[in-house]
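# Notes for the structure review
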Amino acid sequence: MTSHEEPLPELEWSDPAPPSAKVSASIQQACSRDLEKGRGLLAWQRALLSVVVSGAVVAALIALGLMQKQEAATLRAALLGAAGWGVVHLAVLLAGLARPPGRRGSRELRWALALGLPLVFFVYLALSAHSTLPLSRFLLEDTHAPTCGLFTLMFGAAAAGGTLLVWRRTDPLTPGLSGALAGLCGGLAAAAGIGVACPSHEAWHLWLAHGSTVLAFVVVGWAVGRKWLAP
Amino acid sequence: MSASGDASLSAAWLGVGPFVTDTSLAAATLEELMERYVDGDRAAFEALYQRSSPKLFGYLLRLTRNRERAEDLLQVTYAKVHRARGSYLRGAPVLPWFIAIARRSFLDERRSAKVRTEDLSADGTLPEPKGESDDLSTDVAEALERALDSLPEAYREAILLTKITGLSLAEASEILGATPTALKLRVHRGYLQLRERLEQFKRR
C-alpha cells in the first residue's frame, strides 16, 4: 500500500447557511418558465442524427466516385475501406458521445482514441497506397492535391460541424474531449468518403490531402467543443 | 459497471424504463427528478433544487469565499441548467453535471473579474470578506475552513469536491481534468496539511 492509499480519519465539515430565501425564490421562478419547451433529443436520437449527417457526406462522396471511370477492383477496395471506417466511426460515436457524460469511460482512453485513430488512419493510407513519389516531385507534379484537400476539408467541416451541433450543450464534464471525438467522426467520414471519390493512390497525396484533415478536425473539434458542448 | 447499472443506462438511452414513473418525489433520485424536470414537472424542479442547492451553494461559497458572489453564481448556474436541460442526456449523474457548470461559471467570472482588474488576491481569487464567520458554528469549524482556504488551489479543490461535496474520485477527476490516482494523492496530501494546521490551532 502506498502512502496516499492509507486512509485518514474524516474531518467534520459544517454545512454553510443556505442561500437567502430571496435568491431561492428567484431561481425557482426563473427555472419554472417555459417548462413545456424543455424536452430535447434522447441520446439514441442524437446518435442517429449524427450517423445521418456523416452518412450523407460519405454518400455524396461515393456518388462522386461512382461518376468517375475507376477500375472495378480499385472502386471495390475503396468502398470496403469506407465501410470499415464507417464501423469505426459508429464505434467512436457510441462509445465517446452517445453514453451520458460521467459514464463514458476513462478520459485517458478517450484521448487515446481521439489521437490514436488518426494515426491508425495514416497507417491504413500507407498500406492502401500504390506508389510513393519523392516529396519534391510530389510537390511539383501533384496539382490535384490542393483541390482534393479542399474538398475533404469542406465535406469534413459539414460532417464535424453537424455532429458538434447535434451534441451541443450535452457535456459539461469534458466538452473539449467530446468535441475532439465529434471532430474525429466528421474527419473520418470525409476522409473515408474521399478515398472513393479520388482516383489518386500516391502515398503523399493520401497522407496530405486525405489523412491530415482527420487530425485537423480532431484539433478543431477540441477547440469548438470547449465552447459548444459545454452548457 | 453492474448489470443493473447497464440496464438503467440502456433504459435512459432509449428514454424508457423506470425513470418517469409514479415514484414519490421524496424517494426519487436526483437523476429521476432531473428527468421529470426535463419533461416539464415544476414540482420535480422544486425537489431537485431543495436537494441539490445546499451542496452547490456550499461548493460555490467555499470557492468564492463571498456569500453575495456565491449567490450570484448559484443563480447563473441554475439559469444555465435551465437553458441546457433539453441537452441533459438521461442517465448522466446530476450532481457532477451541476458542479461542472458551477465551476465553469466561477472560472468565467474570475477571468472576467481579472480583465476588469478588480481587487484580487495574489492567487487570482476574490478577496475573503470580513465578518462572514456567522456561517460557521464553532471555532474549530472556523479554523478548519481557514485551513482549507490556505491550502494550494489543487488540494483545496480536490478536497472540496470529494470530501465536502461528496463526489466520487472518478466524478471529481472528470471535472478537474486529472486522473483518479493523481486526485487521490492531492486529497491525501491536502488532508495531511489540514490536520497539521488543525493541530497547530488546537495547541494554541
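Procedures and definitions
Residues numbered from 1 in each chain as written. Chains lettered and ligands numbered in written order. Predicted model: local features only at pLDDT ≥ 70, side-chain atom pairs only at ≥ 80, totals over all residues. Heavy atoms only, no water. Salt bridge = Lys/Arg side-chain N within 4 Å of Asp/Glu carboxyl O. Helix = DSSP H or I, 4+ residues; strand = E, 2+ residues; numbered from the N terminus. Buried < 20%, exposed > 50% of the residue type's maximum accessible area, 1.4 Å probe, protein only. 1 Å grid on protein atoms, 1.4 Å probe; cavity = no way out; pocket = protein on both sides within 12 Å on 5 of 7 lines; lining within 4 Å. Points joined across faces, edges and corners; volume = space filled by probe spheres on them. Nonpolar A, V, L, I, M, F, W, Y, C, P; charged D, E, K, R; others polar. Phe/Tyr/Trp six-rings, centres within 6.5 Å; stacked < 30°, edge-to-face > 60°. Lys NZ or Arg CZ within 6 Å of the ring centre and 35° of its normal. Expected span 1.5 Å × (residues − 1). Contact = heavy atoms within 4.5 Å. Buried area = accessible area lost by both parts, 1.4 Å probe. Polar contact = N/O pair within 3.5 Å; in protein donor to acceptor, adjacent residues only side chain to side chain.

### Some words on the pattern of salt bridges
Oppositely charged side chains can pair when the atoms bearing their charge come close. Overall, the coordinates contain 11 salt bridges over all chains when judged by the stated rule. Between A:Arg104 and A:Asp171 there is a salt bridge, with the nearest N and O atoms lying 3.0 Å from each other. Separated by 67 residues along the polypeptide, A:Arg104 in the loop between helix H3 (72-98) and helix H4 (107-128) and A:Asp171 in the loop between helix H6 (145-166) and helix H7 (175-197) bring together distant segments of the chain. The exposure class of A:Arg104 is buried, given its relative accessible area of 6%. B:Asp108 serves as the salt-bridge partner of B:Arg111, at 3.1 Å between the closest nitrogen and oxygen. Placement of the pair is B:Arg111 and B:Asp108 together in helix H5 (residues 94-115), with a separation of three residues, close to one helical turn.

### Brief notes about the layout of surface pockets
Of the pockets and cavities examined, the largest pocket occupies roughly 630 Å³. Taken together, 24 residues make up the lining of the largest pocket; nearest its centre are A:Pro172, A:Pro175, A:Gly176, A:Arg226 and B:Arg104. Examining the composition of the lining of the largest pocket, we find that six residues originate from one element, H5(B), more than from any other. Among the residues forming the lining of the largest pocket, the class breakdown is 12 nonpolar, three polar and nine charged.

### Looking at the packing of aromatic side chains
Residues and elements named next belong to chain B. Taken as a whole, this structure holds 12 aromatic pairs over all chains when the rule is applied. Considering the side-chain rings of Phe 45 and Tyr 49, the 6.2 Å spacing of their centres and the 35 degrees angle between planes classify their relative orientation as tilted. Of this pair, Phe 45 and Tyr 49 are both found in helix H3 (residues 42-64), four residues apart, which corresponds to roughly one turn of the helix. Take Phe 45 and Tyr 49: they sit in the same class, and that class is buried. Site record: aromatic cluster; members linked through ring pairs are Tyr 37, Phe 45, Tyr 49, Tyr 78, Tyr 88, Trp 97 and Phe 98. The positively charged end of Lys 163 is found above the aromatic ring belonging to Tyr 191, 5.2 Å away from the centroid.

### What to know about H7(A)
Between its first and last C-alpha, H7(A) extends 33 Å over 23 residues, near the 33 Å set by a 1.5 Å rise per residue. A large share of H7(A) lies buried, amounting to 22 of its 23 residues.

### Description of the interface of chain A and chain B
Size of an interface, as often reported, equals the accessible area lost when the parts are brought together. Contacts between the two partners involve 62 residues from chain A and, on the opposite side, 67 residues from chain B. In total, about 5500 Å² of surface goes out of reach between chain A and chain B, with carbon and sulfur atoms giving 60% of it. Summed over the shared surface of chain A and chain B, the result is one salt bridge. For the pair chain A and chain B, the interface holds 14 residue pairs in polar contact (both at pLDDT 80 or more). Secondary-structure elements contributing two or more residues to the side of chain A that touches chain B are helix H1 (21-30), helix H2 (43-67), H3 and H4 of chain A. With six residues, H1(A) is the single largest residue contributor to the side of chain A that touches chain B.

### A look at helix H6 (residues 139-150) of chain B
Residues and elements named next belong to chain B. The terminal C-alpha atoms of H6, which comprises 12 residues, lie 16 Å apart, in line with the 16 Å expected from a rise of 1.5 Å per residue. Buried within H6 are the following residues: Ala 141, Ala 143, Leu 144, Glu 145, Ala 147 and Leu 148. Of the surrounding elements, those touching the buried residues of H6 are H3, helix H7 (153-164) and helix H9 (180-203).

### Remarks on unusual backbone geometry
Most peptide bonds adopt trans geometry, and most residues besides glycine take a negative phi value. Notably, A:Asp34 is not glycine yet its phi reads approximately 50 degrees, a positive angle. Turning to its location among the elements, A:Asp34 is positioned in the loop between H1 and H2.

### Points about the environment of A:Ile62
Residues and elements named next belong to chain A. Considering the arrangement of structural elements, one finds Ile 62 in helix H2. Along the primary structure Ile 62 and Ala 78 are separated by 16 residues, whereas in three dimensions their C-alpha atoms are 9.4 Å apart. Non-local contacts of Ile 62, meaning those with residues more than four positions away in its chain, are made with Leu 79 and Val 196.

By themselves, these are just geometric observations and shouldn't be taken as functional.
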